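Structural characterization, general
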Amino acid sequence: DNEWNKCPDIDAALNNYTKYFVGMENHWKSDDANTRNSIFKNFERSRRPENWAFTNSNILFIAMNMVEEHWSGDQASHTRIQANIDWFHEKCDMHNCESSRAIIIFGHSISNAHVVFEHIHRRVGSLQIPVVYFTGNGHTYLVKRGVGNGEISGDYFWRIQVDNGMKGAPILVTLRGNANTSPS
């Protein structure tokens, strides 16, 4: 539910995270090899192994290690925030996100999301490309316009907060249209 650095045993938590999530693309099981291959053929990891990205159907999917606010005072947190900003711009450059149908971002915290999303908004905010940020930090299901604590608003920026761990039902998100249609 929370970042590894909020666990009582930080070393064990980081080991578990690395064991189960870093390299998950190599363990993906799918009955449909074409689907698996289409998703993971361009799967990329950043220099920070917890960040990853891929494109599918002209949609950029990107995951970032979003830092909880009370951790934001240390240098490691500032380094992670800057790595997220750099990772987003690198993937946008590589995949021409300005012509994407949508940008889907996965993270945990919303407390410092505005630092990253200010850069995202500057880059794509005027292009009417839906940007959806999936987060789990609030422990209840929520869909709202805007990202962060209201700092980034507009018709094309959305935050979807998933339920508390496995207690909530899975979510199915369907993106319709293209980059220049209404934000469906």
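Check the entry above for the structure.
Because the structure is predicted, anything quoted here is derived from the model rather than measured.

Side note on the state of the cysteines
- Summed over the entire model, instances satisfying the criterion amount to 1 disulfide.
- The disulfide partner of Cys92 is Cys97, and the S-S distance across this bridge is 2.0 Å. Taking the torsion about the S-S bond as the criterion, the Cys92 to Cys97 disulfide, at about 95°, is right-handed. Like Cys97, Cys92 is buried.

Quick look at the pattern of salt bridges
- Counted under the stated rule, the structure contains 3 salt bridges.
- Here Asp93 makes a salt bridge to Arg123, at a shortest N to O gap of 2.6 Å. Here Arg123 lies in helix H4 (residues 113-124) and Asp93 lies in helix H3 (residues 75-95), a separation of 30 residues in the sequence.
- Among the residues examined, Asp93 registers a relative accessible area of 55% and is labelled exposed.
- Of the charged contacts in the structure, one is a salt bridge between Arg123 and Glu98, with a shortest N-O distance of 2.6 Å. Of the two residues, Arg123 is situated in helix H4 and Glu98 in the loop between H3 and strand S4 (102-106); the sequence distance between them amounts to 25 residues.
- Taking relative accessible area as the criterion, Glu98 reaches 31% and is therefore assigned partly exposed.
- Beyond isolated ion pairs, a larger network of salt bridges with shared partners links Asp93, Glu98 and Arg123.

Some points on the nonpolar core
- Membership of the largest hydrophobic core comes to 24 residues, with the highest contact counts inside it found for Met64, Ile103, Ile105, Phe117 and Ile120.
- Mapped by element, the contributors of at least two residues to this core are strand S3 (59-63), H3, S4, H4 and strand S5 (131-135).
- Sequence-distant contacts of Met64, defined by excluding residues within four places in its chain, comprise Asn51, Asn84, Trp87, Phe88, Ile105, Phe106, Gly107, Val116 and Ile120.
- Core analysis: the second largest hydrophobic core is formed by 10 residues, Trp52, Phe54, Ile59 and Ile160 among them.

Thoughts on the pairing of strand S2 (residues 52-56)
- Burial within S2 is extensive, with 4 of its 5 residues counted as buried.
- Note: S2 against S3, 5 bridges, orientation antiparallel. Looking at S3, one finds that Phe54 is bridged to Phe61.
- Remark: 2 residues form the turn of the hairpin made by S2 and S3, two consecutive strands paired antiparallel; Ser57 in that turn has positive phi of roughly 55°.

Criteria and cut-off values
Residues numbered from 1 in each chain as written. Predicted model: local features only at pLDDT ≥ 70, side-chain atom pairs only at ≥ 80, totals over all residues. Heavy atoms only, no water. Disulfide = S-S within 2.5 Å. Buried < 20%, exposed > 50% of the residue type's maximum accessible area, 1.4 Å probe, protein only. Salt bridge = Lys/Arg side-chain N within 4 Å of Asp/Glu carboxyl O. Helix = DSSP H or I, 4+ residues; strand = E, 2+ residues; numbered from the N terminus. Core = buried A, V, L, I, M, F, W, Y, C linked by side-chain atoms within 4.5 Å. Contact = heavy atoms within 4.5 Å. Pairing = 2+ DSSP bridges.

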